[in-house]
Amino acid sequence: MTKENTYILAIESSCDDTSAAVLCNDTILSNVITSQKIHAEYGGVVPELASRAHQSNIVPVVDQALKQAGILRNQLHAIAFTRGPGLIGSLLVGTSFAKSLAYGLDIPLIEVNHMQGHILAHFIKEDGYTKPPFPFLAMTISGGHTQIVKVTNYFEMEVIGETIDDAVGEAYDKSGKILGLGYPAGPQIDKLAQTGNPKAFKFTKPKVDGLNFSFSGLKTGILYFVQRETKKNPDFVKENLESICASIQYTIIGILIDKLKHAVKRTGITHIAIGGGVSANSGIRQALKNGEKKFGWTTYIPKFEYTTDNAAMIAIVGYLKYLEKDFSDFDVMATARLKI
Ligand code: KG4
Ligand code: ZN
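Residues numbered from 1 in each chain as written. Chains lettered and ligands numbered in written order. Predicted model: local features only at pLDDT ≥ 70, side-chain atom pairs only at ≥ 80, totals over all residues. Heavy atoms only, no water.

Draft legend 1. Broad picture of the overall build of the protein chain. Looking only at helices and strands, one finds nine helices and 10 strands in the protein chain. In terms of overall dimensions, the protein chain has C-alpha extents of about 70 × 45 × 30 Å along its principal axes. Within the span of the protein chain, comprising 340 residues, buried residues form 52% of the whole. In the protein chain, the share of contacts with a sequence separation of at least 24, taken over all contacts with a separation of at least 6, comes to 73%. Carbon together with sulfur atoms contributes 51% to the accessible area of the protein chain, which is approximately 15,800 Å² in total. Measuring between centres, the 35 positive side-chain charges of the protein chain sit 7 Å from its 33 negative side-chain charges. (Helix = DSSP H or I, 4+ residues; strand = E, 2+ residues; numbered from the N terminus. Buried < 20%, exposed > 50% of the residue type's maximum accessible area, 1.4 Å probe, protein only. Contact = heavy atoms within 4.5 Å. Areas by Shrake-Rupley, 256 points an atom, 1.4 Å probe, with all protein chains shown as cover. Lys, Arg positive; Asp, Glu negative; His and termini not counted. Charge placed at Lys NZ, Arg CZ, Asp CG, Glu CD.)

Take a look at the structure:
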């Protein structure tokens, strides 16, 4: 007897990407992501513009996800959606859409915590990808988040460290703005850093107790440094761009690795999984590889499209909750500051 397949449609709309995915058990059939280009003009995400763009994107994105998966609406077993954390106007679009669709199709509605999505993305079935064993440490690094979470089981998670101000991606983007780079600046700094000297300039690392992070002081330090040097030489940034980028990257990676070392020491857990847009960074990837040799870590980095904001990661959480029959009531509300 063959077990019946479970098909789930998931919707992610927490920030500036509208995404819909269709999953069959733990395999992704489609993962459509529409990035909103409009924010680049403003150097960061404008919440009101984001929710309006979600409104116009959501129907075509869901249609395309179903089409690519070759699945009809009436074959779906449940609708999963991001309840939070995120921008409230953006979350409301996905939440309302998911509710209406689940109600219309008379199938269960499953709320998903976006941060759990980033972590459980490691459990999407992919050829050649080894899933992390429990317990493991998950570090989520992106434009909106910086967290270290101790993961004991699918839904047993404890945040053991997080940023008290800016997220790490924000540190990249704000530093890039100071240097005159476009938004998002993270990938550009990463690229320019390849040919610079990481030890050319020294930036002070923040002193934050325990496993928490702080990045806003670093940004201010970079601003004052650039203002001071530009006064002496107006072409300072132009002449030293690669080495400034390499030095910023070296400092940021140093902060992340120091905290990971501390987290490993505190928990005794050496399996480390990362997620979020900044996990595309070549410096952090190299530093994690070094950690495998130097400290005996085992590290896990999912496929790139599952690290940035995407609905596939929401779908896998939806599937795991579906197996537990952990469904939501239709009066569930989008929650901007939802905790793990
Ligand atoms: O996960 P994501 O797509 O969206 C959220 O913020 O949730 O992450 C975007 C962030 C931006 O801040 C971007 O500058 C940063 O990830 N980023 C990088 C790299 N690629 C993306 N930062 C450093 N190095 C990269 N290669
Ligand atoms: Zn995210």
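There's plenty left to go through after this.
Draft legend 2. Main features of helix α8 (residues 282–295). The terminal C-alpha atoms of α8 lie 19 Å apart, and with 14 residues this matches the ideal 20 Å at 1.5 Å per residue to within 8%. All of the buried residues along α8 are G283, I284, A287, L288 and G291. Axial view of α8: buried residues confined to an arc of 130 degrees, hence all on one face. Relative to its buried face, α8 has exposed residues pointing more than 90 degrees away, namely K289 and K293. (Expected span 1.5 Å × (residues − 1). Arc of directions from axis to C-beta.)

Draft legend 3. How the structure looks around the packing of helix α5 (residues 186–193) against helix α7 (residues 236–267). Running from amino to carboxyl end, α5 crosses α7 at an angle of 110 degrees, the nearest separation of the two axes being 7 Å. One way to sum up the angle between α5 and α7 is to call them roughly perpendicular. As α5 packs across α7, the resulting crossing turns out to be left-handed. On α7, the residues that touch I189, D190, L192 and A193 of α5 are L241, E242, C245, A246 and Q249. Residue composition of the contact of α5 with α7, grouped by class: six nonpolar, one polar and two charged. (Axes fitted to C-alpha atoms, helices over the stretch in contact; angles between N-to-C directions. Parallel < 35°, antiparallel > 145°, perpendicular 65-115°, else oblique. Left-handed = near helix turned anticlockwise from the far one by under 90°. Nonpolar A, V, L, I, M, F, W, Y, C, P; charged D, E, K, R; others polar.)

Draft legend 4. Local environment of the environment of T298. As for its position among the elements, T298 is in strand β10 (residues 298–300). For T298, a relative accessible area of 30% translates into the label partly exposed. Ignoring sequence-local partners within four residues, the contact set of T298 consists of T270, H271, I272 and E292.

Draft legend 5. Structural detail: the nonpolar core. Counting residues in each nonpolar core, the largest one holds 45 residues, and the members touching the most others are L179, F215, I252, L256 and I284. Elements with a contribution of two residues or more to this core: β6 (136–141), α4 (168–178), α5, α6 (216–232), α7, β9 (271–275) and α8. A total of 15 residues in this core trace back to one element, the largest contributor, which is α7. Excluding residues that lie within four positions of it along the chain, I284 makes contacts with M139, I141, I253, L256, I257, I274, V278 and S279. Ranked by size, the runner-up nonpolar core spans 32 residues in total, among them I8, M157, V317 and Y322. (Core = buried A, V, L, I, M, F, W, Y, C linked by side-chain atoms within 4.5 Å.)

Draft legend 6. Expanded view of the site of ligand 1. Close contacts around ligand 1 come from 18 residues, with G143, D173, G277, N281 and D309 the closest. Residue G143 places a main-chain N or O atom 2.8 Å away from an oxygen atom belonging to ligand 1. Counting only elements with at least two residues in the shell around ligand 1, the list comes to α4 and α5. Residue classes in the shell around ligand 1 are distributed as five nonpolar, 10 polar and three charged. (Near = heavy atom within 4 Å. Polar contact = N/O pair within 3.5 Å; in protein donor to acceptor, adjacent residues only side chain to side chain.)

Draft legend 7. Molecular detail of the coordination of the zinc ion (ligand 2). All of the protein donors around the zinc ion (ligand 2) are H114 (NE2), H118 (NE2), H145 (NE2) and D309 (OD); their distances to the metal are 2.1 to 2.4 Å. In terms of primary sequence, the donors binding the zinc ion (ligand 2) are separated according to H-x3-H-x26-H-x163-D. Separated by 164 residues along the polypeptide, H145 in the loop between β6 and β7 (146–153) and D309 in the loop between β10 and α9 (312–323) bring together distant segments of the chain. (Donors = N, O, S within 2.8 Å, 3.2 Å for Na, K, Ca; no water.)

Draft legend 8. Inspection of the packing of aromatic side chains at higher detail. Going through the model one piece at a time under the given rule, you end up with 13 aromatic pairs. Measuring from ring centre to ring centre gives 5.7 Å for Y103 and F330, while their planes differ by 75 degrees; the resulting arrangement is edge-to-face. A residue pair is termed long-range when its members are at least 10 positions apart, and Y103 in helix α2 (residues 88–105) and F330 in the segment after α9 qualify at 227 residues. Given the relative accessible area of 64%, Y103 is considered exposed. Its relative accessible area of 36% is what places F330 among the partly exposed residues. Measuring from centroid to centroid gives 5.7 Å for Y322 and F327, while their planes differ by 50 degrees, and the two rings are tilted. For F327, a relative accessible area of 35% corresponds to the partly exposed category. Counting every residue linked through ring pairs, the aromatic cluster contains F123, F134, F136 and Y154. (Phe/Tyr/Trp six-rings, centres within 6.5 Å; stacked < 30°, edge-to-face > 60°.)

Draft legend 9. Spatial organisation of the pairing of β9. Burial analysis of β9 places four of its five residues in the buried class, the great majority of the element. Where β6 meets β9, four bridges bridge the pair, whose relative direction is parallel. Residue pairing across strands places L137 opposite I272, the latter belonging to β9. When β9 meets β10, the two strands line up parallel, connected through three bridges. Across the sheet, residue I272 finds its bridge partner in β10, namely T299. (Pairing = 2+ DSSP bridges.)

These results come straight from atomic positions and should not be treated as a statement about function.
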